[in-house]
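The chain contents come next:
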Amino acid sequence: MSGGVAPDAGSIRASLLAVAKPLPAPGAGHTGQRLRALFDIAVADLELARLAEAHHDAHAIAAELDHDLVDGALYGVWAASGPDPLQAGPCGVDHHLVGTLPWCSGIGVVDRALVTAGDLLFDVAVADGKRGESLAPWMSPAFAVTGTGSMTFDLVVSDVSRVGSRGDYLARPGFWHGAICVAACWAGGARGLVDRHLARWRRDDPHALAHLGGALAWSDALEAVLERAAAEIDRDPGDASAAQVRARGVRHVIDRMSTRIIDDLGVGAGPEPLAFDHDILARTQQLQLYLRQCHGERDIEPVGQEALSRR
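Residues numbered from 1 in each chain as written. Predicted model: local features only at pLDDT ≥ 70, side-chain atom pairs only at ≥ 80, totals over all residues. Heavy atoms only, no water.

A look at the overall build of the protein chain
What counts here: Numbering of helices and strands starts at the N terminus; helices are DSSP runs of H or I of at least 4 residues and strands are runs of E of at least 2. The globule rule used here is 2.2 Å times the number of residues to the 0.38 power, and the radius of gyration it is set against is calculated over C-alpha atoms. Partly exposed describes any residue whose relative accessible area lies between the buried limit of under 20% and the exposed limit of over 50%, with all areas from a 1.4 Å probe on protein chains only and scaled to the type maximum. Should any heavy atoms of two residues lie within 4.5 Å, those residues are counted as being in contact. Note that accessible areas follow from Shrake-Rupley with a 1.4 Å probe, and for residues the cover is restricted to the protein chains shown. When charges are counted, neither His nor the chain ends are considered; positive counts come from Lys and Arg and negative counts from Asp and Glu. In this description, the location of a charge corresponds to atom NZ of lysine, CZ of arginine, CG of aspartate or CD of glutamate.
The helix and strand tally for the protein chain stands at ten helices and seven strands. Here the protein chain has a C-alpha radius of gyration of 20 Å; the compact-globule value for 311 residues is 19 Å, and the two agree. Each principal axis of the C-alpha atoms in the protein chain carries an extent, and together these give about 70 × 55 × 35 Å. Evaluated residue by residue, the protein chain yields a buried proportion of 50% over its 311 residues. Taking the contacts inside the protein chain whose residues are at least 6 apart along the sequence as the reference set, 77% of them involve residues at least 24 apart. Accessible surface for the protein chain amounts to roughly 14200 Å². Of this, 55% is attributable to carbon and sulfur atoms. Charge-centre separation for the protein chain: the mean point of 28 positive side chains lies 3 Å from the mean point of 40 negative side chains.

Next comes the structure, spelled out in structure tokens:
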């Protein structure tokens, strides 16, 4: 990766445009269709799913906060924090954005991004006013084509580009519905790994087959978890507290199941696929990296707290 442009940016952009048609909004009665669409994209191409989920999340955020996105633009959602966080200072009636956002996916691919600056959210053209972008620190071959890196901004944006009011981005129920959409991509990534192993499976001893069967069972369970979550979201889309508990639990379960799938397939298939099959190796690395968006005990501890509070 060099020159601040993701490798194969034109190809991944074309693929993203192909899956950018609108999906049902979370909580509007067809959340299951939304999760299934993201799941299916991830089964086929987990790197594409990473970008597609963000683009569709941007549209869901804009709808929930009554903001009009730019027609035809491909969007990212850049909301991570780092040592030099992006801040929004007053500039008359406008806003001066200064600072650095890490973990920005789609550099060289997307046109615009919803970016967090303090407790505000802005709709920003990626090419406008940036001081610099850095893809160089990315060492992993996983997700290389997504153009993930840091973006440093120093620009003035109109108040019209502000999305919602202070605190709205995190306070809305849709923040947690979107967290489950990410987990749908994890689940699709795990299912895609199972499919790839199954198509190439060489071992027929009982222990190897038991691990394969376990991976298949876990992948079926992933879909069941998503179906239940979608039904619950559609029954009560507006309760942010319930949405948070649900999302934390769903993400924890999908993280644990997906990790078990990786382990079962690794033990059952042995070292050969990871040594000689580029497709399986790449999918395994991508899934392991993507799953680290789940923060383990830090994410699930509030679920225990909430349960105790209701005793």
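Anyway, onward from the coordinates.
Topic: the side chain of S105
Positionally, S105 belongs in the loop between β3 (94-104) and β4 (112-117). Residues within four places of S105 in sequence aside, it is in contact with R50, L51, W78, T146, G147 and T148.

Quick word on the pattern of salt bridges
Heads up, the condition is: Take a side-chain nitrogen of Lys or Arg and a carboxyl oxygen of Asp or Glu: if they are within 4 Å of each other, that pair is a salt bridge.
In the structure shown here, the tally under the stated rule is 20 salt bridges. Two residues, R202 and E272, come together in a salt bridge whose shortest N-O distance is 3.5 Å. Of the two residues, R202 sits in the loop between α5 (174-200) and α6 (206-235) while E272 sits in helix α8 (residues 272-276), which places them 70 residues apart along the sequence. For R202, a relative accessible area of 67% corresponds to the exposed category. The salt bridge partner of E232 is R228, with a shortest N-O separation of 3.0 Å. Of the two residues, E232 and R228 are both situated in helix α6; the distance of four residues between them amounts to about one turn of the helix. What makes R228 exposed here is its relative accessible area of 60%. In this structure, a network of salt bridges that share partners links the residues R196, R200, D277 and D279.

Points about the sheet that holds β4
Our working definition: Whether two strands pair comes down to DSSP finding at least two bridges between them. Geometry is summarised by axes, namely lines fitted to C-alpha atoms with helices restricted to the contacting stretch, and by angles between N-to-C directions that run from 0 to 180 degrees.
Strand order in the open sheet formed by three strands is β1-β4-β5, with mixed pairing between adjacent strands. Both edges of this open sheet fall to β1 (75-78) and β5 (120-125), since each of them pairs with a single strand only. Across the sheet, the mean angle from the axis of one strand to that of its neighbour is 20 degrees, orientation sign disregarded. With six bridges joining them, β4 and β5 adopt antiparallel strand pairing. Along β5, the bridge assignment pairs R112 with A125. Here helix α3 (residues 46-64) sits on the sheet in contact with β1, β4 and β5, set at roughly 80 degrees to β1.

A few points about the pairing of β1
Residue alternation in β1 divides its side chains into two sets, Y75 and V77 and G76 and W78, and both sets are buried. Of the strand pairs in this sheet, β1 and β4 are connected by four bridges, and their pairing is parallel. Note that in β4 the partner of V77 across the bridge is L114.

Some remarks on the packing of helix α2 (residues 31-44) against α5
Note the following rule: These descriptions rest on fixed angle ranges, namely under 35 degrees for roughly parallel, over 145 for roughly antiparallel, 65 to 115 for roughly perpendicular, and the rest for oblique. The hand of a helix crossing depends on one turn: near helix anticlockwise from the far one by less than a right angle means left-handed, and clockwise means right-handed. For this classification, the nonpolar set comprises Ala, Val, Leu, Ile, Met, Phe, Trp, Tyr, Cys and Pro, the charged set comprises Asp, Glu, Lys and Arg, and every other residue, Gly included, is treated as polar.
The geometry of α2 relative to α5 is characterised by a closest axis approach of 7 Å and an angle of 40 degrees between their N-to-C directions. Viewed along their axes, α2 and α5 adopt a mutual orientation that is oblique. At the point where α2 passes α5, the crossing takes the right-handed sense. Two secondary-structure elements touch here, α2 through R34, L35, L38, F39, A42, V43 and A44 and α5 through I180, C181, A184, C185, A187, G188, G189, R191, G192, D195 and R196. Taken together, the residues of the contact of α2 with α5 break down into eleven nonpolar, three polar and four charged.

Let's talk about the packing of aromatic side chains
As a reminder, the rule being used: Here is the rule: rings of Phe, Tyr and Trp (six-membered ring for Trp) pair when centre to centre is within 6.5 Å. Planes less than 30 degrees apart are stacked, more than 60 are edge-to-face, and the remainder are tilted.
Here the structure, examined in full by the defined rule, presents four aromatic pairs. Ring centres of W103 and W138 lie 6.0 Å apart, and the angle between their planes is 85 degrees; on these two criteria the pair is classed as edge-to-face. One end of the pair, W103, is in strand β3; the other, W138, is in the loop between β6 (130-134) and β7 (149-157), and 35 residues separate them in sequence. Its relative accessible area of 55% is what places W103 among the exposed residues.

Quick notes on the pairing of β4
Among the six residues of β4, six are classified as buried, and the element is accordingly described as predominantly covered. Alternating residues of β4 divide into R112, L114 and T116 and A113, V115 and A117, and every residue in both groups is buried. Counting the residues between successive antiparallel strands, the hairpin from β4 to β5 contains two residues, one of them, G118, with a positive phi of roughly 65 degrees.

Points about the environment of S165
Summarising the element assignment, S165 is placed in the loop between β7 and α4 (168-171). In sequence terms S165 and W138 are 27 residues apart; their C-alpha atoms lie 34 Å from each other. The contacts of S165, once residues within four sequence positions are left out, are D119 and L120.

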